[in-house]
Amino acid sequence: MSHLRIGSVLAPVVGALLLAAGCGSSAPSKQLVDARAAYDRATASKAESLTPDRLLEAKQALDDAERAHRSEARSAREIHLAYIAERKSLAAIAYGEIAHWKRQKVAADEEYTRLLEKRRSATESALAANQRRLAETRAELARKGDTLDSQGKALKEREAELARKQKELEAAEKARLAAEKKAADALKSLEEVAKIKEEQRGMVITLSGAVLFKSDTHQLLPIAENKLEQVAAALVDTPDERQIVVEGHTDSRGSNAYNENLSRKRAEAVRTFLISKGISANRIVAVGKGESQPVANNRTADGRANNRRVEIVVAPPR
Amino acid sequence: MEARGEKMTKLGLLLGSTLLFAAVGCGGAGPKPTGQLVAAEAAIRGAEEAGAQDEPQAALHLKMARDQIAEAQVLIANENNNKAGDALVRAKVDAELAIVLTRSANQEADARRVIRQVEELQSEAGPAAEGGE
């Protein structure tokens, strides 16, 4: 009876010992060692703060494996559960990483948006500033363009005025030359009635005293008037600015004073006649030279006849 | 004599129950682990779709999951269904770990890409622009 009781008590112990001997010693399996190390890494990882629920799952899986180990060290159950526990710890670490990088990405996205917005607003203000400058430049250009236009217009008007004046000058010059030519031609035509001589003081028209006056008078002979009319016609055509000097000359017979007086009166008579034929009084003067400027010998009759004369001096063109 | 026969019977019963207990503890013939097989295979497909084969660590666990499915199928063929069930549970855990590792790598790559873009923007703007407000 007592033997039986002892046997009943020992039987489960022997069975457990047999089982323990059949499946291994009390040292943990390699898988449990790995699972513990993986869990240690997980507790030190970002999972601890970011994904504690995953870490708890890993802890529970490791607890299961530890229980299996305590129940039967190195058993297939321990190995199986430790295998699972190690992966749960690795997964917890990875979940922690995911949460960490999610946060990083959210922050980076926000920063990216902020920078883009900043750049956009900087670009917009730069654009606005550029547009403002452009508008100012355009306005300035328009202003300068207007000024240039008005200056150009004034310049054109001035050029036109100059051209007109130039034309007028040319026409006047042409007219003057034509008048000169006409006058010269007219004076030349006098060669039939008078002696024509070009001197430095101008064109000298010499009329013989015998042809113009009776002896010792300053009365113009009728024939003289014909000749003087031709002279007047030629002189009328000469330009106004050419002054005309009528000089009376005598021979040396008689006194100087008498001769000078006579020659002046004769010159006056010619001047009066020329004025009556249209020569402006302003441009014509009469001078009595007497016997002071003979052109021939007073000792001969011919010489004296040549010295009695009236010279009409037409000043040269200016 | 009768007491001795009873003792022998009890010892036989004890030995038999111990052997049975040992057999159950080290694996045996339960029902076919169809549910675990389906779950493990689904997890492997999930890992493949996530791109686990392109991430070294994830690829390693994906291979472990496949190996364990192959092992489980041999065990099922040998009618060792309990062991096969455990292998399938491990296969599923490995495949799920492969998925998480892949997601983690992708998330990190995503974040680093944006961080790089931010750095590019900052370097384009220049330090003076950044600090000049």
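This structure is a prediction, so every number in the text was calculated from the model and none was measured. (Residues numbered from 1 in each chain as written. Chains lettered and ligands numbered in written order. Predicted model: local features only at pLDDT ≥ 70, side-chain atom pairs only at ≥ 80, totals over all residues. Heavy atoms only, no water.)

**Thoughts on the overall build of chain B**
Short version of the rule: For the purposes of this entry, the term helix denotes a DSSP run of H or I that reaches at least four residues, the term strand denotes a run of E that reaches at least two, and both are numbered from the N terminus. Only protein chains enter the accessibility calculation, which uses a 1.4 Å probe. A residue is then buried if its area is under 20% of the maximum for its type, exposed if over 50%, and partly exposed in between. Any pair of residues with heavy atoms lying within 4.5 Å of one another is described as a contacting pair. Here the accessible surface of atoms and residues is derived via Shrake-Rupley with a 1.4 Å probe, and residues count as covered only by protein chains that are part of the display.
Within chain B, the regular secondary structure consists of four helices and zero strands. Written out in order from the N terminus, the α and β elements of chain B read α-α-α-α. A total of 133 residues make up chain B; the buried ones form 30% of that total. Here the analysis covers contacts within chain B between residues at least 6 apart in sequence; of these, 72% occur between residues at least 24 apart. About 8000 Å² of surface is accessible on chain B, with carbon and sulfur atoms providing 58% of the total.

**What about the overall build of chain A?**
A count of helices and strands for chain A gives nine helices and five strands. Counted from the first residue to the last, chain A has its helices and strands arranged as α-α-α-α-α-β-β-α-α-β-α-β-α-β. When the 318 residues of chain A are sorted by exposure, 35% land in the buried category. Taking contacts inside chain A between residues at least 6 apart in sequence as the whole, the part at least 24 apart equals 72%. Total accessible area computed for chain A in this model is approximately 19200 Å², and 55% of it derives from carbon and sulfur atoms.

**Notes on the environment of A:Glu173**
All names here are of chain A. In plain terms, the rule: We call two N or O atoms a polar contact when they sit within 3.5 Å, provided that within protein one can donate a hydrogen and the other can accept it, with sequence-adjacent residues counted only if both atoms are side-chain atoms.
As for its position among the elements, Glu-173 is in helix α5 (residues 76-189). Accessibility expressed as a relative area gives 36% for Glu-173, which makes it partly exposed. In this structure the side chain of Glu-173 is engaged in a polar contact, spanning 3.0 Å, whose partner is the side chain of Arg-176.

**Some details on the confidence of the model for chain B**
All names here are of chain B. For the record, the criterion: The predictor reports its confidence for every residue as pLDDT, a score running from 0 up to 100.
Mean pLDDT over chain B works out to 83, with 72% of the residues at or above the 70 mark. Within the model, pLDDT remains below 50 along residues 11-27, and this stretch shows nine contacts once partners closer than five positions in the same chain are excluded. Under a pLDDT of 50 for its full length, residues 129-133 has, in the predicted model, six contacts with residues more than four places off or in other chains. For this predicted complex, the interface confidence score (ipTM) comes to 0.76, while the overall pTM stands at 0.53.

**Topic: helix α3 (residues 56-77) of chain B**
Residue and element names in this part refer to chain B. Short version of the rule: Expected span, for any helix, means 1.5 Å times one less than how many residues it has. Throughout, the arc means that of the directions going from the helix axis to the C-beta atoms.
With 22 residues, α3 extends 32 Å from end C-alpha to end C-alpha; this agrees with the ideal 32 Å at 1.5 Å per step. All of the buried residues in α3 are Ala-58, His-61, Leu-62, Ala-65, Gln-68, Ile-69, Ala-72, Leu-75 and Ile-76. Along the long axis of α3, the arc covered by the buried residues comes to 140°, so they all point the same way. Turned more than 90 degrees from where α3 packs its buried face, Pro-56 and Ala-77 sit exposed. Glu-79 sits one or two residues past α3 and shows a positive phi near 60°.

**Notes on the side chain of A:Glu78**
All names here are of chain A. Counted only if it meets this: Positive residues here are Lys and Arg, negative ones are Asp and Glu, while His and the chain termini are left out of the count. By definition, a salt bridge exists where a carboxyl oxygen of Asp or Glu is found within 4 Å of a side-chain nitrogen of Lys or Arg.
As for its placement among the helices and strands, Glu-78 is situated in helix α5. For the buried residue Glu-78, which engages in no salt bridge, the nearest side chain bearing the opposite charge is Arg-74, 6.5 Å off. Side-chain polar atoms of Glu-78 contact the side chain of Ser-29, separated by 2.6 Å. Looking at Glu-78, its side chain comes within polar contact range of the main-chain nitrogen of Arg-74, at 2.4 Å. In this view, Glu-78 contacts Pro-28, Ser-29, Leu-32, Ala-65, Ala-68, His-69, Glu-72 and Ala-73; residues no more than four positions away in its chain are not counted.

**Observations concerning the pairing of strand β5 (residues 309-314) of chain A**
Residue and element names in this part refer to chain A. Note the cut-off: Two strands pair under a simple rule: DSSP has to find at least two bridges between them.
Counting buried residues along β5, six of its six residues qualify, which places the element largely inside the surrounding structure. The alternating pattern of β5 places Arg-309, Glu-311 and Val-313 and Val-310, Ile-312 and Val-314 on opposite faces, both of which are buried. In the sheet, strand β2 (residues 202-208) pairs with β5 via six bridges, with the strands oriented antiparallel. Paired with Thr-206 across the two strands is Glu-311, which belongs to β5.

**So, the confidence of the model for chain A**
Should pLDDT be low for a region, the predicted coordinates there are not to be read in detail. Averaged over chain A, the pLDDT score is 88; the fraction of residues at 70 or greater is 92%. Across residues 12-24 of chain A, where pLDDT falls below 50, the model places nine contacts with residues more than four positions away in sequence or in other chains.

**Quick notes on helix α2 (residues 34-50) of chain B**
Residue and element names in this part refer to chain B. Taking 1.5 Å as the rise per residue, α2 with 17 residues should run 24 Å; its terminal C-alpha atoms sit 24 Å apart, in good agreement. Listed as buried for α2 are Leu-37, Ala-40, Ala-43, Ile-44 and Ala-47. Down the axis of α2, the buried set is contained in an arc of 130°. They therefore lie on one face. More than 90 degrees from the buried face of α2, the exposed residues found are Gly-35 and Glu-49. Positioned one or two residues after α2, Gly-51 has a phi angle of 95°, which is positive.

**A word on the pairing of strand β4 (residues 284-290) of chain A**
Walk down a regular strand and you will see the side chains alternate between the two sheet faces. All names here are of chain A. Note the following rule: The path from the first strand over the helix to the second decides the hand: if it runs clockwise while the strands point away from the viewer, the crossover is right-handed.
Side chains Ile-284, Ala-286, Gly-288 and Gly-290 of β4 all project onto a buried face; the interleaved residues Val-285, Val-287 and Lys-289 project onto a face where none is buried. Examined bridge by bridge, strand β3 (residues 244-249) and β4 share six bridges and lie parallel to one another. Bridged to Glu-247 within β4 is Val-287. Each parallel crossover has a hand, and for β3 linked through helix α8 (residues 256-276) to β4 it is right-handed.

**Considering the sheet that holds β3(A)**
Residues and elements named next belong to chain A. Here is the rule: Here an angle of 0 to 180 degrees is reported between the N-to-C directions of two axes, which are lines fitted to C-alpha atoms, with helices fitted over the stretch in contact.
Overall, mixed pairing links the five strands, which are arranged β1-β2-β5-β3-β4 in an open sheet. Looking at strand neighbours, the two that pair on one side only are β1 (195-199) and β4, the edges of this open sheet. The average angle at which neighbouring strand axes cross in this sheet is 20°, direction not considered. Along the sheet, α8 makes contact with β3, β4 and β5, crossing β4 at roughly 160°.

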